[in-house]
Amino acid sequence: MEQKDLDHFRALLNKMLEEAQQKGDATLDDMTDNNEMFADPADRATAESDRAFTLRIRDRERKLIKKIRSAITRLDEGSFGICDECGEDIGIARLEARPVTKLCINCKSKQEEDERQRAD
């Protein structure tokens, strides 16, 4: 991979990291600022359901932040864009679509097929 490509992905990953952290901070601020009391049990149940949904989203963002940091580390170490399974280069188009990926499209397809077979 050329240096300009590496620089592009570093900027993209840093932007993704900043956005994910801002969303996480906003979520935490919203949840701590929200001290509403509901007299109606249905309203309270809806609020709790919304809160649980927000926490699930926050957990997904936390996991994404971890993956982004891992990708930045791979950039620093020189292993970014190399498939963990087969050692081949991951295509630029795949990295554009999923910059945190560790697998080339062939290995990811094989992994998903194996997961489907185990689920059956």
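Residues numbered from 1 in each chain as written. Predicted model: local features only at pLDDT ≥ 70, side-chain atom pairs only at ≥ 80, totals over all residues. Heavy atoms only, no water.

(A) Examining the confidence of the model for the chain more closely. Mean pLDDT for the chain: 90, with 93% of residues reaching 70 or above. Ranking the elements of the chain by mean pLDDT puts helix α1 (residues 3-33) last with 87 and helix α3 (residues 92-97) first with 95. (pLDDT = per-residue confidence, 0-100. Helix = DSSP H or I, 4+ residues; strand = E, 2+ residues; numbered from the N terminus.)

(B) Expanded view of the environment of D120. Following the sequence through the fold, D120 ends up in the segment after α4 (105-119). Classification of D120 by relative accessible area gives exposed; the value is 83%. Along the chain, D120 and M16 lie 104 residues apart, while their C-alpha atoms are 35 Å from each other. (Buried < 20%, exposed > 50% of the residue type's maximum accessible area, 1.4 Å probe, protein only.)

(C) Seen up close, the UniProt feature "binding site: Zn(2+)" (unreviewed entry) in the chain. Here, UniProt's "binding site: Zn(2+)" (unreviewed entry) annotation points to C83, C86, C104 and C107. Spatial clustering of the annotated residues is evident: they stretch over 25 residues in sequence, but the largest pairwise C-alpha distance comes to 8.2 Å. Tracing the chain through its elements places C83 in the loop between α2 (41-77) and α3. On the accessibility criterion, C83 (3% relative accessible area) is buried. Ignoring any residue separated from it by four or fewer positions in sequence, one finds C83 in contact with E88, I90, K102, L103, C104 and C107. Along the polypeptide, C86 turns up in the loop between α2 and α3. When its relative accessible area of 40% is taken as the criterion, C86 is described as partly exposed. Not counting residues up to four positions away in its chain, the partners in contact with C86 are C104 and C107. (UniProt positions renumbered as here; feature names shortened; annotations may be inferred. Contact = heavy atoms within 4.5 Å.)

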